[in-house]
Amino acid sequence: MNTFPLFFKFTDQPILIVGGGEVAQRKADLLSRAGAHITIVAPQISNEIRELLGEDKHSLITAAYDKKYLAGKRIVIAGTDDEALNHQVHADCQALNIPVNVVDTPPLCDFIFPAIVDRSPIVIGISSNGKAPVLARLTRARLETLIPQGYGKLAKLAGDMRDDVKSKIPTLTGRRQFWEKAFEGKVSELMFAGRISDAEQALKQQLEQTHQQLSNKHNDDEQTSTKPVGEVYIVGAGPGDPELLTFKALRLMQQADIVYYDALVSDEVLDLCRRDADKVFVGKKRSNHAVAQQNINQMMIDAANSGKRVVRLKGGDPFVFGRGGEEIQAMRAANIPYQVVPGITAANAAACYTGIPLTHRDHAQSVRFVTGFLKSGEPNQGFDSLTNPNETIVFYMGLHSLERLTTGLMTAGRDKDTPIAIVSHASLPTQQVMTGTLSDIVAKHEANPLPTPALLIVGEVAKLHDTLAWYGEHISDTDQQAHALNMV
């Protein structure tokens, strides 16, 4: 981060703005809403500023700038069209160690004015560090459409009842779950509809019901009276691009107390999990498991039994070679509540990001997903069922067995000229694609090997990559020949 986002209290704080035109007016408007005491210094001050700052607590000084006006100020804004004057204000502030912002001049700014989404007491600031202020404003406009005006009223209601909730729900986890239910359910719906009193009543009823439930449990069993019920969310993280996550996946990731994540989960996706959640790596790669599956299952069960909300974050889709079925069997046997959230599996991502449709009326009427290795770790040798020329075959975990797979397909009867594509790092900025045929792809890959994770797409559709590709890097025959010459 080039700048660190902080929210300062400016209520009754003295702030100086040098300038009396439109720029100064915009800054004065923002700061007056924050309750600041504003001093404007300029030879000419617009009528709009005079009307905006008509209260006695503000000062309007119709005069040229002098550094004497800096005395006692918390921050200073220079908003004039006089470049020399702006530099002078900056130099004077630096000498006195007063934070200064010279409008539209990032090198002379100790702090940045963000684009603001105001749902007070919820406030969101968006900054591009002065690099792209228009983009920051467009981001703000998008957020404005996504966040209802009722958020501020909902936050105020939560603040008013905070102490009451704390007294009736003794555990931090229990309170968090109470508020999540309130903010995602009937209470928020009533508030967004403008029914403020109904929302307040609904929240009070929900609190009393929760308090009564906890009291009843205490009477039955003091040891488990306030123990919250944990839950496991098995979430598909998709192929790595965070924009391909579902809304539900993102919401559950933001709620998790602990996250168990795989090797194929990108850092960008992991960063979207709740900041204070525990993040535990349990990654799996081909024949290399950081944690055995049964141990992962037990870790999730133990965490849920302790009242935590657990996210099992898996690359791709949990139910496509992701062992999600095995994990929910374990949760069901242990009576642990669970949810499963689908993700975009690697085959779909590779197809879409390479311009290789898995089905096409002219080339393939079916598609089959096949793993290169079985549960026992033994190679998958079932080639006899993979010879239909009108079917696309996608091999997961197949790059390390490229020669075995291509030879097996040709031996089983698949034409040696069948197109094949190797897709590495599908959907990521590092995506690469190599195309060839069953008979020559091994030699091409040996000459210019691609990194894992990667998958193989076999079938007539693979040849469409040359004309439909739109993303990433294609390893052409020219590239391969150049590489071979360099090796010589």
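Here we summarise the structure given alongside this text. (Residues numbered from 1 in each chain as written. Predicted model: local features only at pLDDT ≥ 70, side-chain atom pairs only at ≥ 80, totals over all residues. Heavy atoms only, no water.)

Regarding the sheet that holds strand β4 (residues 75-78)
In space, the 5 strands of this open sheet follow the order β3-β2-β1-β4-β5, with parallel pairing throughout. The strands lining the two open edges of the sheet, one partner per strand, are β3 (59-62) and β5 (100-102). Direction aside, neighbouring strands of the sheet carry axes that sit 15 degrees apart on average. Here strand β2 (residues 37-42) runs beside β3; their pairing, made up of 4 bridges, is parallel. (Pairing = 2+ DSSP bridges. Helix = DSSP H or I, 4+ residues; strand = E, 2+ residues; numbered from the N terminus. Axes fitted to C-alpha atoms, helices over the stretch in contact; angles between N-to-C directions.)

As for the sheet that holds strand β14 (residues 338-341)
Note: strands within a sheet are paired through backbone hydrogen bonds, in either parallel or antiparallel orientation. Strand order in the open sheet formed by 5 strands is β10-β9-β13-β8-β14, with parallel pairing between adjacent strands. Single-partner strands in this sheet number two, and they are β10 (278-281) and β14. Geometrically, the sheet is characterised by an average inter-axis angle of 15 degrees between neighbouring strands, direction not taken into account. Sheet analysis places strand β9 (residues 258-261) next to β10, joined by 4 bridges and oriented parallel. Considered in β10, the bridge of I258 is made with D278. Here helix α9 (residues 247-255) sits on the sheet and contacts β8 (231-236), β13 (309-314) and β14; the angle it forms with β14, its principal contact strand, is near 135 degrees. (Contact = heavy atoms within 4.5 Å.)

Details of unusual backbone geometry
Residues S120 and P121 are joined by a peptide bond in cis, for which omega reads 10 degrees. In this fold, P121 is placed in the loop between β6 (115-119) and β7 (122-126). Here the residue pair T452 and P453 is connected by a cis peptide bond, since its omega of 0 degrees sits within 30 degrees of zero. Within the chain, D12 stands out as a residue other than glycine whose phi angle is a positive 65 degrees. Inspection of the secondary structure puts D12 in the segment before β1 (14-18). Despite not being glycine, M397 has its phi angle at roughly 55 degrees, a positive value. Within the secondary structure, M397 sits in the loop between β16 (391-396) and α14 (402-412). Take M397: its relative accessible area is 38%, and that puts it in the partly exposed class. (Buried < 20%, exposed > 50% of the residue type's maximum accessible area, 1.4 Å probe, protein only.)

Things to note about the packing of aromatic side chains
The description of two aromatic rings rests on the distance between their centres and on the angle between their planes. According to the stated counting rule, one finds 11 aromatic pairs in the structure shown. A connected cluster of aromatic rings, assembled from ring pairs, spans F178, W179 and F183. In this arrangement the basic side chain of K27 is found over the ring face of F113, its NZ or CZ atom lying 4.4 Å from the centre. (Phe/Tyr/Trp six-rings, centres within 6.5 Å; stacked < 30°, edge-to-face > 60°. Lys NZ or Arg CZ within 6 Å of the ring centre and 35° of its normal.)

Brief notes about the pairing of β2
Of all 6 residues that make up β2, 5 are buried, and the element is covered over most of its length. Here β1 pairs with β2 via 5 bridges, running parallel. Across the sheet, the residue bridging to L16 is T39, located in β2. Between β1 and its parallel partner β2, the chain crosses via helix α1 (residues 22-33), and the hand of that crossover is right-handed. (Right-handed = clockwise from strand over helix to strand, strands pointing away.)

Shape descriptors only; they carry no functional weight alone.
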